[in-house]
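Each chain, letter by letter, is given below.
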Amino acid sequence: NRLSRAGFDPAEVDIVINTHLHLDHCGWNTSLVEGVWLPTFPNATYLFHSAELEYLRTQWKSAPLGQWRSDAGWVYQDSVLPILESGAHRAVSAGDVIHSSGATQICATGAPGHTPGHLAVEIVGPGAGLLIVGDALHHPVQALYPDLVFFADHNPQQAIETRRSILERSANEGLGIVTAHFPAHGPLYVGRDGGS
């Protein structure tokens, strides 16, 4: 509804990139239409990191019958499986170019730790760049203290390393960082202060 109000028809969306498969990041992959979960963006190719998809499938398959483990069961059932069954998906890996237009490229970048196959999306053009980091940075205080662990990180040490790498890249390359959960949704830019 928000996309439509902003003048974008969901039928015109051609690529949906899943940074990871937690409900708050993939729950709008599908919409319930007359009791059936269907792709929200009917003409899009949905991109999943293969490690992320396999991790969710494993959680779903290993849950005892009739129970859900870490919400994986119903997230898989209503937000991922209908996309897989529709055939409108493709596996991507870190380093894959998702789209290019002239000198501008959109690439998948590895950002593991919050989940096993967590991706960031890197948009690079002449003289500018952005990293859309999903939940690699979950709270603004982690920009100042990247060693703070977030309770939902699958691999806390790996998540810390990923945060540090993202912050270093922003400081060194002038990349803007776009997060999913910060109160302000504009890009964050990181600068150096002495040795930090």
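The structure presented is a predicted model; accordingly, all values stated were derived computationally and were not measured. In this convention, every chain numbers its residues from 1, walking through the sequence in written order. Per-residue local features of the predicted model are confined to residues with pLDDT of at least 70, and side-chain atom pairs are confined, for both listing and counting, to 80 or more; whole-chain, interface and lining totals are unaffected and use all residues. Hydrogens and water are ignored here; the side-chain numbers use all heavy atoms of the structure.

### Section: the overall build of the chain
Alright, step 1. Starting at the N terminus, helices and strands are each numbered in turn, a helix being any DSSP run of H or I of at least four residues and a strand any DSSP run of E of at least two. Looking only at helices and strands, the chain features 6 helices and 10 strands.
Alright, step 2. Our radius of gyration is a C-alpha quantity, and the globule rule it is checked against amounts to 2.2 Å times the number of residues to the power 0.38. Radius of gyration (C-alpha) of the chain: 17 Å, near the 16 Å computed for a compact globule of 196 residues.
Alright, step 3. Accessibility here uses a 1.4 Å probe with only protein chains present; expressed as a share of the type maximum, an area under 20% marks a residue as buried, one over 50% as exposed, and anything in between as partly exposed. The buried share of the chain, reckoned over its 196 residues, is 37%.
Alright, step 4. Long-range pairs, those at least 24 residues apart, make up 54% of the contacts in the chain between residues at least 6 apart in sequence. Contacts: residue pairs with any heavy atoms within 4.5 Å of one another.

### Thoughts on the sheet that holds strand β5 (residues 89-92)
Alright, step 1. Here, any two strands with at least 2 DSSP bridges between them count as paired. Strand order in the open sheet made by the 3 strands is β1-β4-β5, with parallel pairing throughout. In this open sheet, the two edge strands, each paired with only one partner strand, are β1 (15-17) and β5. The mean inter-strand angle of the sheet, taken between neighbouring strand axes irrespective of direction, is 30°.
Alright, step 2. In terms of strand pairing, strand β4 (residues 45-49) meets β5 through 4 bridges, oriented parallel. Across the sheet, residue F48 finds its bridge partner in β5, namely A91. Lines fitted to the C-alpha atoms define the axes, with helices restricted to the stretch that makes contact. Angles between their N-to-C directions range from 0 to 180 degrees.

### Section: unusual backbone geometry
Alright, step 1. Even without being glycine, E34 reaches a positive phi, approximately 50°.
Alright, step 2. Classification of E34 by relative accessible area gives exposed; the value is 83%.

### Side note on the layout of surface pockets
Alright, step 1. A pocket, in this scheme, is an open set of points on a 1 Å grid over the protein atoms alone with protein on both sides within 12 Å along at least 5 of 7 lines, while a cavity is a set where a 1.4 Å probe fits but cannot get out; residues line either one if an atom lies within 4 Å of a point. Grid points are joined across faces, edges and corners, and a volume is the space filled by probe spheres set on the points. When its volume is computed, the largest pocket comes out at roughly 910 Å³.
Alright, step 2. Lining the largest pocket we find 21 residues, and of these V16, I17, H25, W28 and F41 sit closest to its centre.
Alright, step 3. Those elements that place two or more of their residues in the lining of the largest pocket are α1 (2-5), β1 and α2 (23-26).
Alright, step 4. With 3 residues, the single largest contributor to the lining of the largest pocket is β1.

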